[in-house]
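Below, each chain spelled out in residue letters.
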Amino acid sequence: MSVTDVPPTTPLRPARIPDDGLYEGRRLLRRTPDDWQERPYELFEVVPQAATIGAEIRGIDLARPLSAHLRAELDRALLEWKVLFFRGQHLTAERQRAFARNWGELETNPLLERGDSDEVVRFDKSAGGTPSFENVWHTDVTFRERPAMGAVLQLREVPPSGGDTLWADMAAAYDNLPRWVTERIDGAVAEHDFLPGFRRFYGPERLARWQESFPPVTHPVVRRHPATGRRMLFVNASFTTRILGMEQGESDRLLRLLFQQAHVPEFQVRFRWQAGDIAFWDNRATQHYAVADYGDARRVAERVAIAGDRPH
Ligand SMILES: [Fe+2]
């Protein structure tokens, strides 16, 4: 049947495309704040991987201690690009921790498997291993009062294909919300709870114990980045349960729409790992998603998280 054979009554599009400005058209892709001073980098090469998020940093060896100058340049790159990639570093766990410590105290996470110390979380996904937590868009540990500022992840072993990680820029996600949505959420507060993300994987006893240590917390739906001042969407599908002061039905509908913002390809970067690669992300400004598409192949990742502040 050719196009001309289509009966004239057949609708060519769904009867109704939601007319809320979220689903099509041009995206506003601002990588940095409008008043940001762009300066060249002196100590490494920055290779952009997407429009607003993700840059590969070339020409430095993270196994060596950082000078103050290098630390400052990497910090600026992190603010500008939100996630930095370093190929072929093969850091020891100790060096990975030491690198992360340049950005503050390390965070321990009692809900996850440990690596060789409390501060290194090992994700070993192999046949019969722990089920995956990570193939849902989320920001890490927002069920805490002070969610991690950032994380340094290294892949020790990669599957023959697949196992990529994606990150989404939550400032771009906010910038592209239509006004009727920002008017609803600016100043709103949401509840975050570990239970929705973790309840599938653990028995009731352990969950009850953790619920005592981690009662639900609240965070602004839109937070301001403490270093850049940008407004960023700060709700995620793993941990955000409701917007306070709203009927549950309305809160659910609005949250579903907000969670979808992380799914927009223009706000994302996708990284194809090789063993020894490092990703360092700003957990305040991003969500991430680990693609679970490698069947029974083994994928071993080790993460160090940096303690964060209270979102405002
Ligand atoms: Fe995560």
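Residues numbered from 1 in each chain as written. Predicted model: local features only at pLDDT ≥ 70, side-chain atom pairs only at ≥ 80, totals over all residues. Heavy atoms only, no water.

Novice: Please explain unusual backbone geometry as it appears in this structure.
Specialist: For residues that are not glycine, phi is negative in most cases, and the peptide bond is trans in most cases. Here K82, not a glycine, exhibits a phi torsion of approximately 70°, which is positive. Looking at the element boundaries, K82 is found in the loop between α1 (68–81) and β3 (83–86). Located in the positive-phi region is H90, a residue other than glycine, with phi close to 45°. As for its placement among the helices and strands, H90 is situated in the loop between β3 and α2 (93–101). (Helix = DSSP H or I, 4+ residues; strand = E, 2+ residues; numbered from the N terminus.)

Novice: In this structure, what is going on with the sheet that holds strand β13 (residues 268–271)? I would like to understand it.
Specialist: The strand order β13-β7-β15 describes an open sheet built from three strands, whose pairing is antiparallel. A single partner strand is all that each edge strand has here, and the edge strands are β13 and β15 (286–290). In this sheet, neighbouring strand axes are inclined to one another by 20° on average, regardless of whether the strands run parallel or antiparallel. The pairing of strand β7 (residues 165–169) with β13 spans four bridges and is antiparallel. Looking at β13, one finds that T165 is bridged to F271. (Pairing = 2+ DSSP bridges. Axes fitted to C-alpha atoms, helices over the stretch in contact; angles between N-to-C directions.)

Novice: Teacher, can you tell me more about the coordination of the iron ion here?
Specialist: A four-donor tetrahedral metal ideally has 109.5 degree angles, and a six-donor octahedral metal ideally has angles of 90 or 180 degrees. Around the iron ion, the protein supplies E134 (OE), H138 (NE2), D140 (OD) and H288 (NE2) as donor atoms, at distances of 2.1 to 2.6 Å. In primary sequence terms, the donor set of the iron ion follows E-x3-H-x1-D-x147-H. A single burial state applies to E134 and to H138, both of which are buried. (Donors = N, O, S within 2.8 Å, 3.2 Å for Na, K, Ca; no water. Buried < 20%, exposed > 50% of the residue type's maximum accessible area, 1.4 Å probe, protein only.)

Novice: I tried to follow the nonpolar core on my own but got confused; where do I start?
Specialist: General note: in soluble globular proteins, nonpolar side chains tend to be found buried as a group. Grouped together as the largest cluster of nonpolar side chains are 31 residues, with contacts concentrated most on L177, I185, V221, L233, V235, I243 and L258. Mapped onto this core, the elements with two or more residues apiece are β7, α3 (170–175), α4 (179–185), β11 (231–233) and α7 (248–260). Discounting chain neighbours no more than four positions away, the residues touching L177 are L22, T182, I185, L233, L258 and Q261. If you look at the next biggest cluster of nonpolar residues, it comprises 28 residues, including A55, L91, V152 and I306. (Core = buried A, V, L, I, M, F, W, Y, C linked by side-chain atoms within 4.5 Å. Contact = heavy atoms within 4.5 Å.)

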